[in-house]
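# Examining the three-dimensional arrangement
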Amino acid sequence: MTYGIAMGLATSIPLLHAEENHGKNASEHLQEAIKSGKEGSAKGVLRHTEEARKELIEQNKDHPYTHLQKPIYGEHQKAEHDKEVFEEIEEAIEEAKEGHTQEAVEAVERASVHLREKDQSK
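Residues numbered from 1 in each chain as written. Predicted model: local features only at pLDDT ≥ 70, side-chain atom pairs only at ≥ 80, totals over all residues. Heavy atoms only, no water.

### Quick notes on the overall build of the protein chain
Stated precisely, the cut-off is as follows: Every helix listed is a DSSP run of H or I at least four residues long, and every strand listed is a run of E at least two residues long, numbered separately from the N terminus. Burial classes follow relative accessibility: with a 1.4 Å probe on protein chains only, a residue under 20% of its type's maximum area counts as buried, one over 50% as exposed, and anything between as partly exposed. Here a residue-residue contact requires only that any non-hydrogen atoms of the pair lie within 4.5 Å. Per-residue and other accessible areas follow the Shrake-Rupley method at a 1.4 Å probe size, with only the shown protein chains counted as cover for residues.
Along the protein chain, the regular secondary structure elements total 4 helices and 0 strands. Ordered by position from the N terminus, the helices and strands of the protein chain form the series α-α-α-α. When the 122 residues of the protein chain are sorted by exposure, 37% land in the buried category. Considering only contacts in the protein chain between residues 6 or more positions apart, those separated by 24 or more positions represent 68%. In the form shown here, the protein chain has an accessible surface area of approximately 7700 Å², with 55% of it arising from carbon and sulfur atoms.

### Notes on helix H4 (residues 101–120)
Formally: In a helix, the anticipated span is given by 1.5 Å times the number of residues less one.
Spanning 20 residues, H4 covers 29 Å between terminal C-alpha atoms, matching the ideal 28 Å at 1.5 Å per step. The complete set of buried residues in H4 reads Thr101, Ala104, Val105, Ala107, Val108, Ala111, Ser112, His114, Leu115 and Lys118.

### Structural notes on the confidence of the model for the protein chain
The condition is simple: Scored between 0 and 100, pLDDT is the confidence that the predictor attaches to each residue.
The share of residues in the protein chain with pLDDT of 70 or more is 71%, and the mean pLDDT across the chain is 82. The spread of mean pLDDT over the elements of the protein chain runs between helix H1 (residues 2–38), the lowest at 71, and H4, the highest at 95.

### Digging into the environment of lysine 38
Relative to the assigned elements, lysine 38 resides in helix H1. Sequence separation between lysine 38 and valine 105 is 67 residues, and the spatial gap between their C-alpha atoms is 7.5 Å. When neighbours within four sequence positions are excluded, lysine 38 is seen to be in contact with Val105 and Glu109.

### Overview of the side chain of serine 36
Note that serine 36 resides in helix H1. Look at serine 36 and you get buried, because its relative accessible area is 10%. Discounting chain neighbours no more than four positions away, the residues touching serine 36 are Ser41, Gly44, Val45 and His48.

### Quick word on the pattern of salt bridges
Note the following rule: Salt bridges are counted wherever a side-chain nitrogen of Lys or Arg sits within 4 Å of a carboxyl oxygen of Asp or Glu.
According to the stated counting rule, one finds 9 salt bridges in the structure shown. Between glutamate 51 and lysine 54 there is a salt bridge; the shortest N-O distance is 3.4 Å. Residue glutamate 51 and its partner lysine 54 are located together in helix H2 (residues 42–62), separated by 3 residues, close to a single helical turn. Judged by its relative accessible area of 27%, glutamate 51 is partly exposed. We note a salt bridge from glutamate 90 to arginine 53, for which the minimum N-O separation is 2.8 Å. Note that glutamate 90 is positioned in helix H3 (residues 77–97) and arginine 53 in helix H2, a separation of 37 residues in sequence. Judged by its relative accessible area of 22%, arginine 53 falls in the partly exposed class. Within the structure, one salt-bridge network assembled from shared partners comprises Glu88, Glu91 and Arg110.

What follows is the structure in structure tokens.
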């Protein structure tokens, strides 16, 4: 029995660490996207935002945030923020592809806020 508990803990710790790394990497890419946008580089915004999206997809593979059939606002805070992060990232990517650097930066900033709130929520 003790062996089973120890093995369960040993296998869950790397998953938690990987999830934290993906979230940290996504946050860093979003900050780089903002920096690139403020320097006027729509391509930089696009590149870093796409990398952030990849990291968040990997994070969700490790620990998916799912909704119930009838979600109640505030009940699944992580899932709600996760959804908002992806929506803002998609908007930023579209704006950057169109060369709208300022609009892309604004969407990335909103995504960054939602990512931070997701990390702080239950």
